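# Fold and geometry: a report
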Amino acid sequence: MKKNFKRRSMLYIPGNNPAMLQQGGVYGADSILLDLEDAVALNQKDAARILVRNMLKSINFYNSEVSVRVNPLNTPFGKADLEAIVPLQPDSIRIPKTETAEQLAELIETIEKIEDEHNLTHDKMTIHAMIETALGVQNVFEIAKFSKRVDAITIGGQDLTADMNIASTKDGGGIDFARKRIIMAAKANNIDAIDTVFVDIDDDEGLKKDAAYAKKIGFTGKAVINPRQIEPIHDIYSPTDEEIRKATKVYKAFVKNTKEGIGVFAVDGKMVDRPVVQRAEHILSLADIDLQSFE
Amino acid sequence: MQLKYRSKAGSFESSDILIIVEPAEEKTGRDIKINSAVMLQFGESIEKAITDVLNKYQIDDIRLIAQDKGALIPTISARAETAIKRSLGIQEGTL
């Protein structure tokens, strides 16, 4: 049940901040994350839960995917978060500190029980499992494949470096293995992999470098903590004009050859087979070009 | 229902509202005071959002002060609900 969102950017919005919540949809992020976990003080968890619930009922978040990060089930807040949020069926629920498939099983069971109580189907809201500990990194493949409801894996770099007792550095050196392992687990299960935040909001060049590296190694997109970070990330994750031109040429040739029953053909002297066509499809979809228009 | 504790929810931040509630003696009614820069335009809406929550929880006797900083209705409702639940001691999933 993978959803058709681009997920180049995922903007964190603190769950107890009405001003930011009500404006969440205007920044143009592909995805917004209403946060009930780390962005909310422990003595305001109840207030944030009720506020986010009300905002989900009444605020227009435009075209952004709306995700809610709940507290873990092993805290006093997790179950109450799910009971308040699941009936409203945001696009997705983000689960922090996912470490094992068993933990995910308990969570999905809780979600589906709430859905049953409200006569809701189990196929509308997806789950994003967030990997933030060494144990989670080790188990990520099992987590990614555990349920069809999991359609994205995200990495939380700050918690992960804390769990590993290492410094969080701009080059992300300490979490490089974790990033790549998470990407592989996501790709192997055909779901999205979302990169961690870049915390220095004044370092534009550092952000671009980090996002470009994350794209190169296979992330679908990147979490952002400030609306200023959205545009540079979209620029990096969006295809260039040249890429779109080439993809258009490949896809046009694919449609023409398919009609003639030809599976492998050449474009500009280079062999085109199914993987090349898949890459072209991906580029065209990122560029908002409807594949049906080639028919 | 009878309130038990003095409690508050919200803040003085822009787009928020601070709501303070405390129990009142039985049959003294609702004493609601609202301050807002947009009182003339939206005072009635703010009061309705608050009284809707009081009606839902059947709160007949209360002293309530609201300091509005331009909150939208869903925020006003949320802060009123939080303050009432805290005052009733029925808030689950909190410290």
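For clarity, every value in this text was computed on a predicted model and none was experimentally measured.

## Digging into the overall build of chain A
The secondary structure content of chain A amounts to 12 helices and 10 strands. Whereas a compact globule of 295 residues would reach a radius of gyration of roughly 19 Å, chain A reaches 20 Å, a difference of no more than 12%. Taken along the three principal axes of its C-alpha coordinates, chain A extends 65 × 45 × 35 Å. Expressed as a percentage of its 295 residues, the buried residues of chain A come to 45%.

## As for the overall build of chain B
Scanning chain B from terminus to terminus reveals 2 helices and 4 strands. In terms of C-alpha radius of gyration, chain B reaches 12 Å, essentially the compact-globule figure of 12 Å for 95 residues. Each of the three principal axes of chain B carries a C-alpha extent, and together these read 30 × 30 × 20 Å. Residues counted as buried form 39% of the 95 residues belonging to chain B. Taking the intrachain contacts of chain B between residues at least 6 apart in sequence as the baseline, contacts between residues at least 24 apart amount to 76%.

## Here's the deal with the interface of chain A and chain B
Opposite the 21 residues of chain A that make contact, chain B presents 19 residues. Looking at the side of chain A that touches chain B, the elements with two or more residues in it are helix H1 (18-22), helix H2 (45-58) and helix H3 (78-85) of chain A. The leading source of residues in the side of chain A that touches chain B is H2 of chain A, at 10 residues. Here the side of chain A that touches chain B is built from residues that sort into 11 nonpolar, 4 polar and 6 charged.

## Description of the environment of valine 140 of chain A
Residues and elements named next belong to chain A. Of note, valine 140 is situated in helix H6 (residues 140-145). Along the sequence, valine 140 and methionine 184 sit 44 residues apart, while their C-alpha atoms lie 9.3 Å from each other. Residues in contact with valine 140, not counting those within four places in the same chain, are Ile131, Ile153, Arg181, Ile182 and Ala185.

## Brief notes about helix H1 (residues 39-56) of chain B
An α-helical turn contains 3.6 residues, so a residue and the one three or four places further along point in the same direction. The end-to-end C-alpha separation of H1 of chain B is 24 Å, in line with the 26 Å expected for 18 residues at 1.5 Å each. Phi turns positive, to about 50 degrees, at glutamine 58 of chain B, one or two residues after H1 of chain B.

## Some thoughts on the packing of helix H11 (residues 241-259) of chain A against helix H12 (residues 274-286) of chain A
All names here are of chain A. One can describe the packing of H11 onto H12 by two numbers: an axis separation of 9 Å at closest approach and a directional angle of 125 degrees. When the interaxial angle is binned, H11 and H12 end up oblique. The interaxial crossing formed by H11 with H12 has left-handed handedness. Across the interface between the two elements, Glu243, Ile244, Ala247, Thr248, Val250, Tyr251 and Phe254 from H11 touch Val276, Val277, Ala280, Glu281, Ile283 and Leu284 from H12. Its residues assigned to classes, the contact of H11 with H12 comprises 10 nonpolar, 1 polar and 2 charged.

## Quick look at unusual backbone geometry
Residue glutamine 89 of chain A is not a glycine yet carries a positive backbone phi of 45 degrees. By C-beta crowding, glutamine 89 of chain A is classed as partly exposed, having 16 other C-beta atoms within 10 Å. Of note, glutamine 58 of chain B is a non-glycine position whose phi angle comes to about 50 degrees, a positive value. Among the secondary structure elements, glutamine 58 of chain B is positioned in the loop between H1 and strand E4 (62-68).

## Some points on the sheet that holds strand E3 (residues 30-35) of chain B
All names here are of chain B. Within the open sheet, the 4 strands sit side by side as E1-E2-E4-E3. Their pairing is mixed. Each edge of the open sheet is held by one strand with a lone partner, namely strand E1 (7-9) and E3. Averaged over neighbouring strand pairs, the angle between their axes works out to 10 degrees when direction is ignored. Taken together, the 3 bridges between E1 and strand E2 (residues 17-23) define a ladder with antiparallel strand orientation. Bridge assignment links lysine 8 to a residue of E2, and that residue is isoleucine 20. The sheet strands contacting H1 are E3 and E4, and the helix crosses E3 at an angle near 140 degrees. The strands touched by helix H2 (residues 73-88) are E1 and E2; relative to E2, the strand with the most contacts, the crossing angle is about 30 degrees.

Definitions and cut-offs
- Residues numbered from 1 in each chain as written.
- Chains lettered and ligands numbered in written order.
- Predicted model: local features only at pLDDT ≥ 70, side-chain atom pairs only at ≥ 80, totals over all residues.
- Helix = DSSP H or I, 4+ residues; strand = E, 2+ residues; numbered from the N terminus.
- Rg over C-alpha atoms; globule rule 2.2 N^0.38 Å.
- Buried ≥ 20, exposed ≤ 12 C-beta atoms within 10 Å, placed from the backbone.
- Contact = placed C-beta atoms within 7 Å.
- Nonpolar A, V, L, I, M, F, W, Y, C, P; charged D, E, K, R; others polar.
- Expected span 1.5 Å × (residues − 1).
- Axes fitted to C-alpha atoms, helices over the stretch in contact; angles between N-to-C directions.
- Parallel < 35°, antiparallel > 145°, perpendicular 65-115°, else oblique.
- Left-handed = near helix turned anticlockwise from the far one by under 90°.
- Pairing = 2+ DSSP bridges.

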